[in-house]
Amino acid sequence: MQPKPATIRSSRDLGQLIAAARRQRGLSQRQVADDLGATQAWISRVEKGQQRAWVGQVLRLMAHLGITL
């Protein structure tokens, strides 16, 4: 199920949207990291809005969680 539409104004807003989608699917940060070939620490930093990440990586993470722009 697609999360409710959200206004994304910052990396923190995007991270919160990603974290909510992950939790809604019952996935741990570790599970998502393993699925994507990333680290749990990277997922955590993205969810906190702290990670400067390549757009492609974030889009891949969003697609994995069923989030569309």
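Read on for an overview of the structure. Source: prediction; values computed, not measured.

### Thoughts on the nonpolar core
I18, V32, I43, L61, L65 and I67 are the most contacted members of the largest nonpolar core, which totals 14 residues. Residue assignment for this core shows that the elements contributing at least two residues are α1 (11-24), α2 (29-36), α3 (40-47) and α4 (55-64). Residues in contact with I43, not counting those within four places in the same chain, are Q29, V32, A33, L36 and L61.

### Brief notes about α3
Because each turn of an α-helix spans 3.6 residues, side chains separated by three or four positions end up pointing in the same direction. Taken together, the buried positions of α3 are occupied by W42, I43, S44, V46 and E47. On its buried face, α3 is in contact with α1, α2 and α4. In the stretch just after α3, G49 is the one whose phi turns positive, near 75 degrees.

### As for a nonpolar patch on the surface
Taken together, the side chains of V55, L59 and L69 make up a nonpolar region of the molecular surface, amounting to roughly 360 Å² of accessible area. Here L59 is to be found in helix α4.

### Quick look at the pattern of salt bridges
Pairs can form between side chains of opposite charge whenever their charged atoms are close. Taken as a whole and assessed by the stated rule, the structure comprises one salt bridge. Here R22 makes a salt bridge to E47, at a shortest N to O gap of 2.6 Å. With R22 in helix α1 and E47 in helix α3, this pair connects stretches of sequence that are 25 residues apart. Note on R22: relative accessible area 8%, which makes it buried. The exposure class assigned to E47 is buried, which follows from its relative accessible area of 9%.

### Details of the environment of S28
Among the secondary structure elements, S28 is positioned in the loop between α1 and α2. A residue is classified by how much of its surface remains accessible, and S28, at 29% relative accessible area, is partly exposed. Taking the C-alpha atoms as reference, S28 lies 9.8 Å from I43; in sequence the two are 15 residues apart.

Procedures and definitions
- Residues numbered from 1 in each chain as written.
- Predicted model: local features only at pLDDT ≥ 70, side-chain atom pairs only at ≥ 80, totals over all residues.
- Heavy atoms only, no water.
- Core = buried A, V, L, I, M, F, W, Y, C linked by side-chain atoms within 4.5 Å.
- Buried < 20%, exposed > 50% of the residue type's maximum accessible area, 1.4 Å probe, protein only.
- Helix = DSSP H or I, 4+ residues; strand = E, 2+ residues; numbered from the N terminus.
- Contact = heavy atoms within 4.5 Å.
- Patch = residues over 30% accessible without salt bridge, like charges linked within 9 Å, V, L, I, M, F, W, Y side chains within 5 Å.
- Areas by Shrake-Rupley, 256 points an atom, 1.4 Å probe, with all protein chains shown as cover.
- Salt bridge = Lys/Arg side-chain N within 4 Å of Asp/Glu carboxyl O.

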